[in-house]
Amino acid sequence: MEKASNLLLKVTRQLFTNVDEQTKFIDALVHPQPFAPCILWCQNKPEVLPFSVQTPTHWQPHFVDRLSLGEKPGKHSLHEQGYFYCLDFSSVFSASVLLAIPESISVVFDMCAAPGGKSVFAWKALRPDLLITNEVIGKRLGMLISNLKRCQIKPSGVVNRDSSIFAELLPASSNLVLVDAPCTGQSLLAKNEKAPGCFHSTSINKSANRQKRIIANSAQVVAPQGYLAYMTCTYSPEENEQVCEWFLERFPHFQAVKVDHLSTFQSRLTSIPCYRMFPQYRLGAGAFTALFKNMMEGDAKRVDLESMSAMWRYRSM
């Protein structure tokens, strides 16, 4: 336990210079408190809301409600009917960078999609002509497919391949690629869940290397003038700002996009526009998010759905 505390303290000192903020951050992880539940309306809101709703933040989209503590939306009949999707407000924070995209988006590719919250957000916010969701871990596919079916997200499809396959199969094809990258999951502690070894340097470095591989493959799927959104639910700079800096060095035709509505959440650890939520803010367990644009000129390549016929685990068109 003493060693774990030292590892947590090391990350804390990377994140905050202010001792008071360090104390609040550690307390949020060591003595986690419940966060308000949150829902994303997939269908139109009923005129009379069935839940007690909190005052929205200035950056919160109109199709999201943060509920009062104690509300249990997952047990409501409207949930089963697919009217809304339950998600952590930190996920709303991460996905809200998509609201900064001014262009219409034809194809969205979610590279690490399960259980589906960011996919549902992108579908609701951008209304693409096609949403392709990928999940490489087979045992997570059922949850993803179930959520897309229940929420009637279409046209959409689910595939189950490594990111390298799509770099080869679908180059320059998608107007938006989401990378909700697998990470050490340090924010799970703020939700009173377990994340063994999440602050150990070996775990952090292994995770960062995997994230770099995924974002590099994903960049090749982004169409000219398209976007790549990178996000995690962890705190370590090695998995967040440092991945973004590595990415821009490796792919100089991408530029980070300023997201004005998140400007107060700008990370102090880099000059790149990227944004952090911490658990002591009492909005959600924590998240990191950044949006990049492919500045190359040209047209998107057509997604050949038939060539992908053997890959589909689920399709709703």
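Residues numbered from 1 in each chain as written. Predicted model: local features only at pLDDT ≥ 70, side-chain atom pairs only at ≥ 80, totals over all residues. Heavy atoms only, no water.

(A) How the structure looks around the overall build of the protein chain. Of regular secondary structure, the protein chain possesses nine helices and 12 strands. Relative to its length of 317 residues, the protein chain is compact, with a C-alpha radius of gyration of 19 Å against a globular reference of 20 Å. Based on the C-alpha atoms only, the size of the protein chain along its principal axes is roughly 55 × 50 × 35 Å. In the protein chain, the proportion of contacts linking residues at least 24 apart, taken out of those at least 6 apart, comes to 75%. Of the roughly 14,200 Å² of accessible surface on the protein chain, 51% is carried by carbon and sulfur atoms. Side-chain charges in the protein chain split into 33 positive and 27 negative, and the spacing between the mean points of these groups amounts to 5 Å. (Helix = DSSP H or I, 4+ residues; strand = E, 2+ residues; numbered from the N terminus. Rg over C-alpha atoms; globule rule 2.2 N^0.38 Å. Contact = heavy atoms within 4.5 Å. Areas by Shrake-Rupley, 256 points an atom, 1.4 Å probe, with all protein chains shown as cover. Lys, Arg positive; Asp, Glu negative; His and termini not counted. Charge placed at Lys NZ, Arg CZ, Asp CG, Glu CD.)

(B) View of the sheet that holds strand β3 (residues 84-86). Pairing in this open sheet of three strands is antiparallel, and the strands run β2-β1-β3 from one edge to the other. Each end of this open sheet is capped by a strand with a single partner; those strands are β2 (64-66) and β3. Shown here is a sheet whose adjacent strand axes are inclined to one another by a mean of 25°, direction ignored. Two strands pair when backbone bridges link them, and strand β1 (residues 38-41) and β3 are joined in this way by three bridges, in the antiparallel orientation. Bridged to L40 within β3 is Y85. (Pairing = 2+ DSSP bridges. Axes fitted to C-alpha atoms, helices over the stretch in contact; angles between N-to-C directions.)

(C) Quick look at the nonpolar core. The biggest cluster of nonpolar side chains holds 47 residues, and the ones touching the most others in it are W59, L98 and L176. Of all the secondary structure elements, the ones that give two or more residues to this core are β1, α4 (89-95), α5 (117-126), α6 (141-150), β7 (174-180), β8 (222-232), β10 (275-277) and β11 (287-294). Ranked by residues supplied to this core, first place goes to α5 with five residues. Not counting the four nearest positions on each side in its chain, L176 is found in contact with L98, I101, I105, V107, V108, F109, L126, Y227 and A229. In this structure, I132, V177, L228 and Y230 belong to the second largest nonpolar core, which totals 34 residues. (Core = buried A, V, L, I, M, F, W, Y, C linked by side-chain atoms within 4.5 Å. Buried < 20%, exposed > 50% of the residue type's maximum accessible area, 1.4 Å probe, protein only.)

(D) The UniProt feature "active site" (unreviewed entry) in the protein chain, seen in detail. Annotation from UniProt places "active site" (unreviewed entry) at C233. Structurally, C233 is set in the loop between β8 and α9 (241-250). Those residues in contact with C233 that sit more than four places away from it in its chain are C183, G185, Q186, S187, G286 and A287. (UniProt positions renumbered as here; feature names shortened; annotations may be inferred.)

(E) Broad picture of the packing of aromatic side chains. In total, this model carries 19 aromatic pairs according to the counting rule given. On the numbers, 5.6 Å between centres and 80° between planes, the contact of F51 with F84 is edge-to-face. Residue F51 is found in the loop between β1 and β2, and its partner F84 is found in strand β3; the two are separated by 33 residues along the sequence. Summarising the burial analysis for this pair, F51 and F84 share the class buried. Cluster of aromatic residues (ring-pair linked, three or more members): F16, F25, W59, F89, F93, Y235, F265, F278 and Y281. The aromatic ring of W123 is capped on one face by R127, whose charged end is 4.1 Å from the ring centroid. (Phe/Tyr/Trp six-rings, centres within 6.5 Å; stacked < 30°, edge-to-face > 60°. Lys NZ or Arg CZ within 6 Å of the ring centre and 35° of its normal.)

(F) Structural detail: the pattern of salt bridges. What the rule picks out here adds up to seven salt bridges. Put simply, K191 and D88 hold a salt bridge, and the shortest N to O gap is 3.8 Å. Here K191, found in the loop between β7 and α8 (201-219), pairs with D88, found in the loop between β3 and α4; they are 103 residues apart in sequence, far enough to count as distant. Of the charged contacts in the structure, one is a salt bridge between D162 and R213, with a shortest N-O distance of 2.8 Å. With a gap of 51 residues between them, D162 in the loop between β6 (156-159) and α7 (163-169) and R213 in helix α8 connect regions that are remote in the sequence. Classification of D162 as partly exposed rests on a relative accessible area of 26%. (Salt bridge = Lys/Arg side-chain N within 4 Å of Asp/Glu carboxyl O.)

(G) Expanded view of α8. Helix length check: α8, at 19 residues, gives a terminal C-alpha distance of 27 Å against a target of 27 Å (1.5 Å per residue), a fit within 8%. Of the positions making up α8, those classed as buried are I204, S207, A208, Q211, I214, I215, A216, N217, S218 and A219. Buried-residue contacts for α8 involve α7, β7, β8, α9 and β9 (254-256). (Expected span 1.5 Å × (residues − 1).)

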